[in-house]
Amino acid sequence: MAPPLLLLLLASGAAACPLPCVCQNLSESLSTLCAHRGLLFVPPNVDRRTVELRLADNFIQALGPPDFRNMTGLVDLTLSRNAITRIGARAFGDLESLRSLHLDGNRLVELGTGSLRGPVNLQHLILSGNQLGRIAPGAFDDFLDSLEDLDLSYNNLRQVPWAGIGAMPALHTLNLDHNVIDVLPPGAFAQLSQLSRLDLTSNRLATLAPDPLFSRGRDSEASPAPLVLSFSGNPLHCNCELLWLRRLARPDDLETCASPPGLAGRYFWAVPEGEFSCEPPLIARHTQRLWVLEGQRATLRCRALGDPAPTMHWVGPDDRLVGNSSRARAFPNGTLEIGVTGSGDAGDYTCIATNPAGEATAHVELRVLALPHGGNGSAEGGRPGPSDIAASARTAAEGEGALETEPTVQVTEVTATSGLVSWGPGRPADPVWMFQIQYNSSEDETLIYRIVPASSHHFLLKHLVPGADYDLCLLALSPAAGPSDLTSTKLLGCAHFSTLPAMPLCHAPQAHMLGGTLTVAVGGVLVAALLVFTVALLVRGRGAGNGRLPLKLSHVQSQTNGGPSPTPKTHPPRSPPPRPQRSCSLDLGDTGGCYGYARRLGGAWARRSHSVHGGLLGAGCQGLGGSAERLEESVV
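Residues numbered from 1 in each chain as written. Predicted model: local features only at pLDDT ≥ 70, side-chain atom pairs only at ≥ 80, totals over all residues. Heavy atoms only, no water.

Labelled according to an unreviewed UniProt entry, the protein chain appears under the name Leucine-rich repeat and fibronectin type-III domain-containing protein 4, originating from Cnephaeus nilssonii. Recorded in UniProt under Sequence similarities (unreviewed entry), the annotation for the protein chain is "Belongs to the LRFN family." Recorded under Subcellular location (unreviewed entry), the UniProt text for the protein chain is reproduced unchanged: "Membrane". (UniProt positions renumbered as here; feature names shortened; annotations may be inferred.)

So, on to the pattern of salt bridges. Here the structure, examined in full by the defined rule, presents 14 salt bridges. Between Arg134 and Glu110 there is a salt bridge, with the nearest N and O atoms lying 3.4 Å from each other. Here Arg134, found in strand 10 (residues 134-135), pairs with Glu110, found in strand 8 (residues 110-111); they are 24 residues apart in sequence, far enough to count as distant. (Salt bridge = Lys/Arg side-chain N within 4 Å of Asp/Glu carboxyl O. Helix = DSSP H or I, 4+ residues; strand = E, 2+ residues; numbered from the N terminus.)

Moving on, we get to the state of the cysteines. Defined simply, a disulfide is a covalent bond joining two cysteines at their sulfur atoms. Taken as a whole and assessed by the stated rule, the structure comprises six disulfides. Each sulfur in the disulfide pair Cys17 and Cys23 lies 1.9 Å from the other. Measuring the twist about the S-S bond at about 95°, one finds the Cys17-Cys23 disulfide to be right-handed. Covalently, Cys240 is tied to Cys278 through a disulfide, its sulfur atoms 1.7 Å apart. Of note, the bridge from Cys240 to Cys278 carries an S-S torsion of about -100° and is left-handed in sense. Here the residue Cys240 occupies a position in the loop between strand 15 (236-237) and helix 3 (243-246), and Cys278 occupies one in the loop between strand 16 (257-259) and strand 17 (279-286), the gap between them amounting to 38 residues. (Disulfide = S-S within 2.5 Å.)

Turning next to the packing of aromatic side chains. Inspection of the entire model under this criterion finds ten aromatic pairs. Between the aromatic rings of Phe140 and Phe143, the centroid separation amounts to 5.9 Å while the plane-to-plane angle is 40°, which identifies the pairing as tilted. Here Phe140 and Phe143 have matching classes, each one buried. Each member of the aromatic cluster is reached from another via a ring pair, and the members are Phe231, Phe268, Trp269 and Phe276. (Phe/Tyr/Trp six-rings, centres within 6.5 Å; stacked < 30°, edge-to-face > 60°. Buried < 20%, exposed > 50% of the residue type's maximum accessible area, 1.4 Å probe, protein only.)

With that settled, the discussion passes to the environment of Arg266. Of note, Arg266 is situated in the loop between strand 16 and strand 17. Look at Arg266 and you get partly exposed, because its relative accessible area is 33%. Between the C-alpha atoms of Arg266 and Leu254, which are twelve residues apart in sequence, the distance is 9.8 Å. Setting aside residues no more than four positions away along its own chain, Arg266 makes contact with Glu255, Thr256, Cys257, Val271, Pro272 and Glu275. (Contact = heavy atoms within 4.5 Å.)

Moving on, we get to the side chain of Thr50. Within the element layout of this structure, Thr50 appears in strand 3 (residues 50-54). A distance of 3.2 Å separates a polar atom in the side chain of Thr50 from a polar atom in the side chain of Thr32. At a separation of 2.7 Å, a polar atom in the side chain of Thr50 contacts the main-chain carbonyl oxygen of Asp47. For Thr50, the residues in contact, after removing those within four places along its chain, are Leu30, Thr32, Met71, Gly73 and Leu74. (Polar contact = N/O pair within 3.5 Å; in protein donor to acceptor, adjacent residues only side chain to side chain.)

Together, Leu40, Phe41 and Phe59 give the surface a local cluster of nonpolar side chains, amounting to about 360 Å² of exposed area. As for its position among the elements, Phe59 is in the loop between strand 3 and strand 4 (62-63). (Patch = residues over 30% accessible without salt bridge, like charges linked within 9 Å, V, L, I, M, F, W, Y side chains within 5 Å. Areas by Shrake-Rupley, 256 points an atom, 1.4 Å probe, with all protein chains shown as cover.)

The strand order across the open sheet built from four strands is 18-25-24-21, with neighbouring strands paired in mixed fashion. Two strands bound the open sheet, and with one partner strand each, they are strand 18 (289-293) and strand 21 (311-315). When strand polarity is set aside, the average angle formed by the axes of neighbouring strands in this sheet is 25°. (Pairing = 2+ DSSP bridges. Axes fitted to C-alpha atoms, helices over the stretch in contact; angles between N-to-C directions.)

Moving on, we get to the side chain of Ser146. Here Ser146 is to be found in the loop between strand 10 and strand 11 (149-151). Discounting chain neighbours no more than four positions away, the residues touching Ser146 are Val120, Asn121, Leu122 and Gln123.

A separate point is unusual backbone geometry. Note the cis peptide between Ser259 and Pro260, where omega equals 0°. You can see Pro260 is positioned in the loop between strand 16 and strand 17. Going from Asp307 to Pro308, the amide bond is cis rather than trans, its omega being 0°. Locating Pro308 in the fold gives a position in the loop between strand 20 (302-307) and strand 21. One non-glycine residue, Asn70, adopts positive backbone phi at about 65°. On the secondary structure map, Asn70 appears in the loop between strand 4 and strand 5 (76-78).

Pasting the structure below:
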């Protein structure tokens, strides 16, 4: 009987431990070791009496309530370095005795409100090395009173559930390093009296709000325990806001300043306190005066400079702070936007810029022009909105509410993006306060308002849509007859026009075209001048060559009155006077005799012209008399 009993015990033991795992039963506690087993999910046959379950370094992707059902005795659960991307609601719902939960090195992106519900006695929660970008505000609610160690390092957290973390009185260690946290709310750690280590290394913190927790610093006599604070690797802006931290005197840390430029790169604890300075606010620009029609949107702008960046506030005409509501919204950059204006919104607004160094103010005047309610088809006894004017402007062209004089409204000089609206002076029964132009296009049904002074009778519309049809109406606004009356409106007329289609832009001639044209023109002028100069020289040269020759007189007798003729005297022949020598110009091709400049130039021009027609003049200087002259004539 012994062998069968042994086999039965072995079989029962094998059934209690999953096949790929190793089970250890020591001192009445069962440990199930399933690390490095290539598991794709939590083994379903884990002994429910297990106290320690190690499932690290596997390929588990998701966790759900069935995975740890009825494991009320589990104390230590390790799921590190898996591929977990999702944790179902109340996946750890039965783990009421769990003290340590390791989920580091997984692929968690977010934690919902119910993802960690169940372990009410949890003391150590390790979530480092995931991809967490969001943690629901109530994710830690079940173990706020018991948690001692929280590790959220190496994630993508910009915000963490500060309210929950600040309500953990037993918390000893908080690791928030290597995230993208840029703001710490004031007093976030004020209630953490047991906190002994806070790691904020390598975040995006430019400043730290004063907190009693930091004052413990490295003071060994502080009670209850000194705080080990690490915040290096942050882009600290070393101004007056961090002066309180500089006075804590922690010279052995390696935090550095990232700004302002004069302190960038210097060790935080080595910068003298006098250099931690701020600049008071300065209003750089703001809206001075704004006029809007009742019902329209009003945008008041105010920009301020300072170090640190000023906080912007608006005070209304009633001396109350303007907050966000359904009608108004104040933006952090100093813009105040009133969606639908009313007569009660008119008045003086004050823009206030504040920072730790001081404050600056600027005043903005807002005027709201009340819309008319009579003469335009609005309901009696009520005050119309902007849609009443828009509706009446459409129907008034059919004869409703027009003046007896019927001044003409015309749109002329229409281009693709503009048009000139003009109208006659007319003879209205009531004095005109101002004119109002309303128009819209077929491309956009939004009604556009333009206010024109009463002295004007034309207005240029700009920024129109090319190739669109426009409807336009002109109204005259008259002042109220009495203090209790409202402004009245009368329609002067309407017009319809269409803008021209968009035309391609004409480009100016290119620079190289202008340069080439100019070169040809100048060259032509030079050639013409050279030809005229050459002709003049040739004519002058021919005149010099055909000069008068000296006459030879022979047998000349004087006429007498019958006397014998005197014997003529024989004169020795006179040699002609020597001609002055002229220099020869070799560059014109003369190799024989030398001639005048005009004749030599003419000869050279003749030879060049003859060569162009296929022949080369081969005669010397002596033969230039006949052929050269003929070529000159033919060339001229």
